[in-house]
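One letter stands for each residue in the lines below.
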Amino acid sequence: MEKLGLNLGTLLLYTLNFAVLVIILRAWVFKPAIKALEERQKKIADGLYNAEVAAAARAKAESEAQHIINQAQQETARKLREAADNAERASRETQAAAEKETAAIRDAARKEALAERDRILAEVRPKVAALAIAAAHKLIGESLDEKRQRALVDEFFSGVRDGKVVLLEEGTERLPASGAEVVSALPLSETEQNSIRKEMGRKAGVDIPVAFGVDPNLLGGLKIRVGDRVIDGSVAGQIENLRKTLL
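Residues numbered from 1 in each chain as written. Predicted model: local features only at pLDDT ≥ 70, side-chain atom pairs only at ≥ 80, totals over all residues. Heavy atoms only, no water.

Asks: Looking at this structure, I do not really get the sheet that holds strand β6 (residues 229-232). What am I missing?
Replies: Neighbouring strands of a sheet are bound in pairs by backbone hydrogen bonds; such pairs are parallel or else antiparallel. Sheet architecture is open: 4 strands sit in the order β4-β3-β5-β6, paired in mixed fashion. Each of the sheet's edge strands pairs with one partner strand only, and the pair in question is β4 (210-214) and β6. Each neighbouring strand pair of the sheet contributes to a mean axis angle of 15 degrees, computed without reference to strand direction. Here 5 bridges tie strand β3 (residues 180-184) to β4, and the two strands are oriented parallel to one another. Counted as the bridge partner of V183 is G213 from β4. Across the sheet, helix α4 (residues 190-204) is in contact with β3, β4 and β5 (222-226); its angle to β4 comes to roughly 135 degrees. (Pairing = 2+ DSSP bridges. Helix = DSSP H or I, 4+ residues; strand = E, 2+ residues; numbered from the N terminus. Axes fitted to C-alpha atoms, helices over the stretch in contact; angles between N-to-C directions. Contact = heavy atoms within 4.5 Å.)

Asks: How should I be thinking about unusual backbone geometry in this particular structure?
Replies: Phi is mostly negative for residues that are not glycine, and the peptide bonds are mostly trans. We note that L219 has phi near 70 degrees; this positive angle belongs to a residue other than glycine. Mapped onto the fold, L219 is located in the loop between β4 and β5. When its relative accessible area of 43% is taken as the criterion, L219 is described as partly exposed. (Buried < 20%, exposed > 50% of the residue type's maximum accessible area, 1.4 Å probe, protein only.)

Asks: Teacher, can you tell me more about the layout of surface pockets here?
Replies: A water-sized probe, rolled over the atoms, reveals where empty space remains. Reported here for the largest pocket is a volume of approximately 200 Å³. What lines the largest pocket is a set of 12 residues, and nearest its centre among them are G159, V166, G221, G233 and Q238. For the lining of the largest pocket, the secondary structure elements donating two or more residues are α2 (146-158), α3 (166-170) and α5 (235-246). The biggest single contributor to the lining of the largest pocket is α3, with 3 residues. Classifying every residue of the lining of the largest pocket by side-chain character gives 5 nonpolar, 5 polar and 2 charged. (1 Å grid on protein atoms, 1.4 Å probe; cavity = no way out; pocket = protein on both sides within 12 Å on 5 of 7 lines; lining within 4 Å. Points joined across faces, edges and corners; volume = space filled by probe spheres on them. Nonpolar A, V, L, I, M, F, W, Y, C, P; charged D, E, K, R; others polar.)

Quick look at the structure:
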C-alpha cells in the first residue's frame, strides 16, 4: 500500500469518516427525505382520491340538481295545465250559467207574455160573444134569446155543449190512458176545463192528466193531443181540411 502511496491508518480514518458520514446522512438526511417523499406521495394519493370523491360527489350533486330541476319543470308544467284546464272549465261553467240564466229569463218572459196574452184574451172573450150576438141580431133583424146565443158562442170557442165535449162525442174510439194536451183559441173557464177533464177520463176509462193551452190561430173549437194521437176540431183545422178538399 505504501508503494501505492496510501497509508493504512489514513485509509482506515477515511473509511471510518465515510462510514460515519453515511450513517449520519442516512439517519438525518435520507430517512427524513424518504419519509417526506412518502408522506408527500401519500398526500398526493389522498389528494387524488379526494379529488375523485369530490368529482363523484359533484357529478352526483349535479345529477340530483338536474333531477330536481326536471321535477320542478314537470310540476310547473302540470300546474300550468291544471290552471289552464281550471280556467277553461270555469269559463265553460260561467258560460253555461249565463246561458242558463238567459234561458230562464227568456222562459220567464215568455211565460209572462203568454199569461198576459191569456188574460187579455179572457177579457176579450165576453166582448167577442157580445159582438157575435149583436151581429146575429143585425143579420136576422130581430132579437134572439141572448142566453141561447151566448151558449152558442161559448160552444164555438170551448167546444163544450151542455157539459159534453162535442169533438169527443163525434167519435166512439177509446182514448189512450196517457197525458193529454187541450188547446183552444181563447182561455177556457174552470167549468169548461172540468167538463173536458171529465169527458176525457170517461173516454179513456181512467182519469188522465190534462194540460190546457191557448193558440188564437185556431180561431175556435179545440185541438186535442193524447199520446201520439191528434184530434183537430178547431175552426182553423176545418178550414184547412176544406181548402184541401177544394184543391
